[in-house]
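Here is how the chains run, residue by residue.
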Amino acid sequence: MINDEKVKKILFGGDYNPEQWPEEILEEDMKLFKKAGVDVVTLNVFNWAMLQPSEEEYDFSRLDKEMDYLKANNMKVCLATSTAAHPAWMAKKYPEILRTEFSGMRRKFGGRHNSCPNSLVYKKYAVRLATKLAERYKHYDNIVAWHISNEFGGKCYCDTCEKAFRVWLQNRYKTLEALNKAWNTSFWGHTFYAWDEIVVPNLQSEHFEWERSMFQGISLDYARFSSDSMLECYKEEYEAIKRITPEIQITTNLMGFYKELDYHKWAKYMDFVSWDNYPSTDDPYYKMGMDHDLMRGLKDGLPFALMEQTPSVTNWQPYNNLKRPGVMRLWSYQAVAHGSDTIMYFQMRRSIGACEKYHGALIDHVGTGETRVFKECEVLGAELEKLGDEIIGSVVKSKVAILFDWDNWWALEYSAGPSKELRYIKEVFKYYTALAKQNINIDIIGVDADLSPYQLVIAPVLYMIKGDYHKKLEEFVRAGGQFITTFFSGIVDEHDLVTIGGYPGKLRELLGIWVEEIDALPPGEANKLVMTDGRIYSAELLCDLIHLETAEVVAVYGEDFYAGTPAVTVNHFGKGKAWYVGSSSSEEFFIDFLKECLEEVEIKPIMTLSEGLEITRRYKAEIEYTFILNHNKEAKEITFDQEYVDLLRDITYKKGEVLNLSAKDVLLLKAND
Amino acid sequence: MINDEKVKKILFGGDYNPEQWPEEILEEDMKLFKKAGVDVVTLNVFNWAMLQPSEEEYDFSRLDKEMDYLKANNMKVCLATSTAAHPAWMAKKYPEILRTEFSGMRRKFGGRHNSCPNSLVYKKYAVRLATKLAERYKHYDNIVAWHISNEFGGKCYCDTCEKAFRVWLQNRYKTLEALNKAWNTSFWGHTFYAWDEIVVPNLQSEHFEWERSMFQGISLDYARFSSDSMLECYKEEYEAIKRITPEIQITTNLMGFYKELDYHKWAKYMDFVSWDNYPSTDDPYYKMGMDHDLMRGLKDGLPFALMEQTPSVTNWQPYNNLKRPGVMRLWSYQAVAHGSDTIMYFQMRRSIGACEKYHGALIDHVGTGETRVFKECEVLGAELEKLGDEIIGSVVKSKVAILFDWDNWWALEYSAGPSKELRYIKEVFKYYTALAKQNINIDIIGVDADLSPYQLVIAPVLYMIKGDYHKKLEEFVRAGGQFITTFFSGIVDEHDLVTIGGYPGKLRELLGIWVEEIDALPPGEANKLVMTDGRIYSAELLCDLIHLETAEVVAVYGEDFYAGTPAVTVNHFGKGKAWYVGSSSSEEFFIDFLKECLEEVEIKPIMTLSEGLEITRRYKAEIEYTFILNHNKEAKEITFDQEYVDLLRDITYKKGEVLNLSAKDVLLLKAND
Amino acid sequence: MINDEKVKKILFGGDYNPEQWPEEILEEDMKLFKKAGVDVVTLNVFNWAMLQPSEEEYDFSRLDKEMDYLKANNMKVCLATSTAAHPAWMAKKYPEILRTEFSGMRRKFGGRHNSCPNSLVYKKYAVRLATKLAERYKHYDNIVAWHISNEFGGKCYCDTCEKAFRVWLQNRYKTLEALNKAWNTSFWGHTFYAWDEIVVPNLQSEHFEWERSMFQGISLDYARFSSDSMLECYKEEYEAIKRITPEIQITTNLMGFYKELDYHKWAKYMDFVSWDNYPSTDDPYYKMGMDHDLMRGLKDGLPFALMEQTPSVTNWQPYNNLKRPGVMRLWSYQAVAHGSDTIMYFQMRRSIGACEKYHGALIDHVGTGETRVFKECEVLGAELEKLGDEIIGSVVKSKVAILFDWDNWWALEYSAGPSKELRYIKEVFKYYTALAKQNINIDIIGVDADLSPYQLVIAPVLYMIKGDYHKKLEEFVRAGGQFITTFFSGIVDEHDLVTIGGYPGKLRELLGIWVEEIDALPPGEANKLVMTDGRIYSAELLCDLIHLETAEVVAVYGEDFYAGTPAVTVNHFGKGKAWYVGSSSSEEFFIDFLKECLEEVEIKPIMTLSEGLEITRRYKAEIEYTFILNHNKEAKEITFDQEYVDLLRDITYKKGEVLNLSAKDVLLLKAND
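Residues numbered from 1 in each chain as written. Chains lettered and ligands numbered in written order. Predicted model: local features only at pLDDT ≥ 70, side-chain atom pairs only at ≥ 80, totals over all residues. Heavy atoms only, no water.

As recorded in an unreviewed UniProt entry, chain A goes by Beta-galactosidase and comes from Cellulosilyticum lentocellum. If you open the UniProt record of chain A and go to Sequence similarities (unreviewed entry), you find "Belongs to the glycosyl hydrolase 42 family." Comment text from UniProt for chain A, heading Catalytic activity (unreviewed entry), reads "Hydrolysis of terminal non-reducing beta-D-galactose residues in beta-D-galactosides." (UniProt positions renumbered as here; feature names shortened; annotations may be inferred.)

And the structure:
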């Protein structure tokens, strides 16, 4: 599906659930699919109850018909394993497969993502089903990918998980002494003398809110354990299928900045990354850009699949407005602009019952192709047909990376203090937004990523330094890299234990400062950042009280008892520089500050453009593909910086030529050398 | 009590709990009752523990004394069965009678409305108590009604209910295949292969919020089942009593727009409707009017009983302000104006302990008749005495009906999308308010009601078309009726399954339109309704994107990409017309729009009056009773349209005469022909 | 520690947890302690798991070393018993020691304050540990106090508590008849016929919110029972220790206006009161003053210990800002100014893990004495050294008392009506603030306190009159005292049963009024208080509708239907006066009104000062110590009313001399006669 020799174009299609309809629907749907240019469907996402009507019995007859019909019609299939919701009979017979909530509430049958990830019964039958599917359909050459389960997520707190957690802890810590130390259990006398004294951290034990724990150590480990437990479910299905169809790529659909799962760990076991893009109504386009870049970064920049998006409305938001004309196409190309090699929807045909019946679809309840939404999809389908094998396989490259780490996210937001407004994504997004407005490609990377391709690495709120990660950063800067980090960084190690000896802990040498105190400002209150040249910006959220050691001042505070003390610093370290931004600020600061940082390392905009025009670039061998997307509500002028071929319009633009790009319109340009 | 030959005037009194006091209180209370003109008390509402101190033992001695004393004093009695709260000993001995909450929390003894409606133990002893009461007091000819339990309500989710639900489902669906289809269980693979795989839909299973379900089908059926289960409790007591005292009417006190119970089903088993009127502090008077009209409509317009209202303060609102002088009288007559034949209070004497001790009463904690509240009641009591048999038995008649349906309410608000602001009552209230301001009588009817008496039927957000209800509407319009419905109508059938083939589904032919898409506007955002004559109103909440088929345009949208497309339409159908209002709007629109609709069918105001004066009319044989209520804080002038006798003041007004009606004052007029 | 002959100065130190660190930390800490002037540490607060690693085994080796080291270094010790958090092994072996929440949720191991107070297992081992500690360390003459458990609090609703509650009720009521009457169980037929029909009042039974109960009687008794149950835990440890070390004083750290525990009952069993002062970020300084005065009043004005405060930040508030320079010293002296004889912190060294790792400490994570916070502590330590035995043992005396009663607090806020905005502390605080602004000492007393020392007693919202307390008030006024009470007073007896015969019930004769009705005003709405001389203030929250009996009018309402009726009254009673303030109001009213009341009894300000300067006075034999604290952000001038010695600066101020006291600075003055 991605980097698959059989696939010669951007795949176009999405989730298809014919089992919700009479069998005859296949024929009608196929006509409409062809009209719309659909060439791939994700099949069999929620069919477990149909495929296994009882513990002893399997029935693939309906799926066989669907698979045969699709194959006969040259439709590619992304075949799901149907294990994201167990059958009702299984819940009745084996109630231990049901999850227990954070509140301690034991669930009954219902919903989806409803299986305890440590249930051996669940895993036995999930793997068996995956195996049977692989065996049965291995010869269908129209299968372009396996899709394991669906949107893995949630947490379970049942007794089975409690026992599995203790085993996980023994593997991690070997001795209780090590565990007691890592969790600092001498605080409040929580010392454990036997493994089975440990209970799951939830509202019944160490938590008083979802994100507030009395012992961060256990909560952090439970977050890791939960992510690992789900991953183990994925892996068991993965291995079963791989054994049978080693040549078919395997994925599962991820969900962007989804907190419960450490996708950096997951991506290692995915043949390619795929994900579901459901922005909130009021997300700016940068937010989607950031999501795409995170997803792309999971596999070191390889193309990914946009597995789901809605053709028009969602149904689960407070107010589900229509995607305005052009927006679906615009956002589809935005995915491609950030590295996707597919454009797929949830869903092909709109359900008539249950909770997603008002979620948009290619084929609406009216059942025809005569809708605005269908017609917009049809136009896009035709464009993708025309584009052919252009673009696919090309990659986004960047000289700038933002570090993002799940452990850091979890630990930061489990802690009480210094401010409840301190949210990891929010701070990362401030840096991302300011970078995106410089019209450059941006990578989002994890702690395992090689830093050498980058000239600038930004790690907002790098609260946790795991192991020797500071040495990797030092090496990067020493070799000439530029590094930016912020307030509340370097505070703890991988156990969320504070590094003593002065903040920012292990980053102190690299940054050349000592942070003595941290002041929290309530929303609406601000201090000032006074730059050495006199420019003034706001200082918000937290204000670190900084002592210079080897660093120099970039900005000082403008007010309060620490007025005049350092607020932003820079430290020359080897051939590079390490910046410390001691407070949060407004967009204006981040744009100006990052602009100067980029200039210093001579990273230039891809092109100079008006506000609201997004630009990215993908590379394949010698070819450069440039994407320009007009997110504005009005047309914008573009002056070309070189000669380009317009891949959608088949025309050529001269250098210096000016184009008036319509609202919501898109340019796919190929440099014409 | 209602339509009872023994009752020759508007009954006046209320809930009386002498068992909370020493026996001697009876004498003192009787003096005060007589002073105030009280002639009826509701007795024995919460005495189960007193009447049955243990499983083996009954003790009616105290109640006997009360009944005898009341009879001796010519006081009428509405005799309750005391089954709205079980005794503590029963909860200890048979814990299965306790309810389980929506959260799955099993309750302990406490509160009221605390019995599982499917508990055989509860029902056995409830019916036995009702039977004993009927046997014991059948010869008391001062009993004017039986009052079963009290304010039935709530839901239970216990194991007993779960089992009973499965039986209910088998009766409804016969086969699992039919059930699976009705609930669309193929979605997410929830197919049931055995009845006992089905569990109650609550937070442990299909719900993630009180009103948000992952499977609307099961939740909707559970709402029906719960209402039916409670009704079964009522019916079992009803039948036991009826067998013994067939001549005494039986009721239970309802609660207006109470969501949990489908009162249209209940009313079939009630000899007359009675209800408790507890408006919120900031409810406009139309809201109470709408409540009364709903209650009256349950028994096709028969007079009903105002069973409870507070003489002054409530205690359960955030801020319990005093009813200002005159307001209690005003609201009492408002009930009569809308069809009540009683004026009753909760309560006669204020409790000294437990949660209602700060709820108002005729006799306050001071224990005398020397309070403002008592004196206002006394004035009212004297007026009712004087009115005698005027008014009682007369009925409100209307040419306009608003359709209201519990299934529609439930289904609409269980669904996710398109807007969480879409609330059934709120939309109904917009139409009701605009009609009420036209100074006409209004009926509120259910789907079983005969439409032939009406010239105009309005069905706001008729989301669900059950069975062939659309044919009934078509017939009504074809015969010359005017029908108005709105956005998000005709969407689903009785199982909440979408009617495919284009919205508004089964109403498409009647309305002559196809709704292609539905746009949701967040609060604060609005489009425009541009009428064909150029007038402009706001378009809010939802905007349906409409294609005309046989209908004509009444208004188009003023903005956004669907500017100029139809927003309000009218379809000529047979001899009548069917209007579709594709968006919500502000009061101004509804008033103007409905005014024109009424003019078209020549429905005229009862009288032309200033703002804040309410008018209704009741009819008895040849007599017309006109009620004018001044809800304003100041006096208002009234110019009489004909000659009237003022029943409260014993004077006559000439046609054209002008009266200055004081703030909060009331006119009961009899046409003087 | 307090009134202890061994203690010759204000003790300075705080909570110390060396067990969270390597043993070597002791030496380093001791150096820093000495540098800072620390002379006392609270030790062993959370060591149960360390001291008793299993049911059979105790291990004091580490504590021995610490005790020896501290003794050798002349460090005083406040020795805690470590029973505020049980070990994990105990929870595993005896799960019945775990608490059950208000929701009915049974807890697992975790947190602190986690033991069921009625668990015999918990109490057995808690007392055993306390006994062993007392035996082992009884000869350490540096122990200046025992510190039992830590911040007792919370509630448990488990089966053990349910059974214990029934026993407690039998002791209280003797018969079920008495209980049924006290709880008014005839309401809703909740009559109990056997003690074991009674269940704990929580969300599963009589409560629908934390503070809203359907039966106030049972909820009120459960509040008393819970406080008593915890107190019993305290007392059992107290008695065990007292037997062994009769000469060492015993305390536990209280928490100011902590609702769950009736500290007036507790204080009887405490050798001295100690408490933890953690104001919210936006508390005005009066709020802390009121807390201190409440705490002092628990032991009739004896000096108390400030057991905990943070040297700088807290970590649990939404936004944890730094204590600005000078604030820690200011607030420390404020405690002394209100009667404390210690200045202590939580904590000596900042933890590196778990939920308090971002809570401030004397020694920060940097581990040195080179921080602003340490240095401010050092300055304070030196001052206290210099002050020596001045001040300690002196007492605050007042002629004005505010009555505060836990039963009143509980009963008032369990009731529904008349307004949810009616909060006891809030109303008390209005009176306290206005008094504090008169620059006088204020006592806060309970119902057991002798009233004879006072000229003015204020009892805001004295909702509950327990037993004959009204007679005590009558006697006080008859003898010449002035008494002020407010709306919603005298309503109920000790069972929360309304006193019938007219509000304010038992206070009616003393106040000479009858309150007929109570009107509730929503926030933002106000009536007017029109004083007899024409001044106008706002009337808020509640407006009592008052009839004069023997009282005179002080103010009438200005608006609404009760305009012109009495709002504030005064009744001459014996040689004194009793005032009734029938509504709440703004600060302006309270300041003016109380000023006049004080003038009438000739209570004069200690000194006349600018806004934001706080003044109190302590007395020891012939000596007067005056404290002036500048809470402003700027310097303020003080003109001395007599000659004083400045104890911190060693200078003398003449009468009439003017001093410019810096922002946040403090004066400790000794009258120079």
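Having seen the structure, we can now continue with the description.
Participant: Residue-level account of the packing of aromatic side chains, with values.
Facilitator: Inspection of the entire model under this criterion finds 135 aromatic pairs over all chains. Aromatic pair F187(A) and W188(A): ring centres 4.7 Å apart, planes at 25°, arrangement stacked. Note on W188(A): relative accessible area 4%, which makes it buried. An aromatic cluster is present here, built from F102(A), Y157(A), F165(A), W168(A), Y173(A), W183(A), F192(A), W210(A), Y222(A), F225(A) and F109(C) joined pairwise through their rings. The cationic tip of K235(A) hangs over the ring face of Y269(A); the distance from NZ or CZ to the ring centre is 4.2 Å. (Phe/Tyr/Trp six-rings, centres within 6.5 Å; stacked < 30°, edge-to-face > 60°. Buried < 20%, exposed > 50% of the residue type's maximum accessible area, 1.4 Å probe, protein only. Lys NZ or Arg CZ within 6 Å of the ring centre and 35° of its normal.)

Participant: Provide a residue-level description of the sheet that holds strand β12 (residues 395-396) of chain B, including the pertinent values.
Facilitator: All names here are of chain B. Here we have six strands laid out as an open sheet, ordered β12-β24-β25-β30-β27-β28, and antiparallel in their pairing. On the outer flanks of this sheet lie β12 and β28 (651-653), each paired with one strand and no other. Bridge count for strand β27 (residues 644-646) against strand β30 (residues 666-671) is three bridges, and the pairing is antiparallel. Each bridged residue has a counterpart across the sheet, and for D646 the counterpart in β30 is L669. Sitting on the sheet, helix α11 (residues 327-337) is in contact with β12, β24 (613-620), β25 (623-630) and β30, with an inclination near 145° to β25. (Pairing = 2+ DSSP bridges. Helix = DSSP H or I, 4+ residues; strand = E, 2+ residues; numbered from the N terminus. Contact = heavy atoms within 4.5 Å. Axes fitted to C-alpha atoms, helices over the stretch in contact; angles between N-to-C directions.)

Participant: I'd love a proper account of the interface of chain C and chain B, names of residues and values included.
Facilitator: In this complex, chain C contributes 57 residues to the contact, which on the side of chain B involves 47 residues. Counting the surface lost from both chain C and chain B, the interface buries some 4,300 Å², and carbon and sulfur atoms represent 57% of this. Taken together, chain C and chain B are joined by six salt bridges. Summed over the shared surface of chain C and chain B, the result is 30 residue pairs in polar contact (both at pLDDT 80 or more). Secondary structure elements with two or more residues in the side of chain C that touches chain B: α6 (159-173) and β17 (513-520) of chain C. (Buried area = accessible area lost by both parts, 1.4 Å probe. Salt bridge = Lys/Arg side-chain N within 4 Å of Asp/Glu carboxyl O. Polar contact = N/O pair within 3.5 Å; in protein donor to acceptor, adjacent residues only side chain to side chain.)

Participant: Let's hear about the confidence of the model for chain A: which residues, and what values?
Facilitator: Of the residues in chain A, 100% reach a pLDDT of 70 or more, and the chain-wide mean stands at 97. Of the two predicted TM-score estimates for the complex, the pTM is 0.97 and the ipTM is 0.96. (pLDDT = per-residue confidence, 0-100.)

Participant: Break down the UniProt feature "binding site: Zn(2+)" (unreviewed entry) in chain A for me, with residues and values.
Facilitator: Residue and element names in this part refer to chain A. UniProt annotation of "binding site: Zn(2+)" (unreviewed entry) refers to C116, C156, C158 and C161 when read in the numbering used here. Taking the farthest pair of C-alpha atoms as the criterion, the annotated set spanning 46 residues converges on one region, since that pair is 7.7 Å apart. Tracing the backbone shows C116 in the loop between α4 (88-93) and α5 (120-137). In contact with C116, other than residues within four places in its own chain, are E96, I97, L98, R99, Y122, C156, C158, T160 and C161. Residue position: C156 is located in the loop between β4 (143-147) and α6 (159-173). Setting aside residues up to four positions removed in sequence, C156 forms contacts with R99, T100, C116, P117, C161 and Y222.

Participant: Account for the side chain of D15(C), naming residues and giving values.
Facilitator: In this fold, D15(C) is placed in strand β1 (residues 11-16). In this structure D15(C) touches T42(C), V45(C), E308(C), Y345(C), F346(C), Q347(C) and M348(C), once residues within four positions along its chain are discounted.

Participant: An account of the pairing of strand β2 (residues 40-43) of chain A is needed here, citing residue identities and associated values.
Facilitator: Consecutive residues of a regular strand have side chains that alternate between opposite faces of the sheet. Residues and elements named next belong to chain A. Residues of β2 alternate between two faces, with V40 and T42 on one and V41 and L43 on the opposite face, all of them buried. Strand direction decides the pairing type here: strand β1 (residues 11-16) and β2, joined by four bridges, are parallel. Paired with D15 across the bridge in β2 is T42. For the handedness criterion, the β-α-β arrangement of β1, helix α1 (residues 25-36) and β2 is classed as right-handed. Where β2 lies against strand β3 (residues 76-80), four bridges are found, and the strand directions are parallel. Within β3, the position partnered with V41 by the bridge is V77. (Right-handed = clockwise from strand over helix to strand, strands pointing away.)

Participant: Residues and numbers for the sheet that holds strand β2 (residues 40-43) of chain B, please.
Facilitator: All names here are of chain B. Spatially, six strands are ordered β7-β4-β3-β2-β1-β11 in an open sheet, and the strand pairing comes out parallel. At either end of the open sheet lies a strand with only one pairing partner, and these are β7 (250-251) and β11 (342-345). Pairing of strand β1 (residues 11-16) with β11, which is carried by four bridges, proceeds in the parallel orientation. By the bridge assignment, F12 is partnered in β11 with I343. Together, β1 and β2 form the strand contacts of helix α1 (residues 25-36), whose direction differs from that of β1 by roughly 150°.

Participant: For the relation of the copies chain C and chain B, give the residues involved together with the corresponding values.
Facilitator: Taken as rigid bodies, chain C and chain B are interconverted by a rotation of 120° and an axial shift of 0.0 Å, the fit giving an RMSD of 0.0 Å. What we have between these two chains is a three-fold relation. The position closest to the rotation axis in chain C is occupied by the C-alpha of M105(C), lying 5.2 Å away. (Least-squares fit on C-alpha atoms with pLDDT ≥ 70 in both.)

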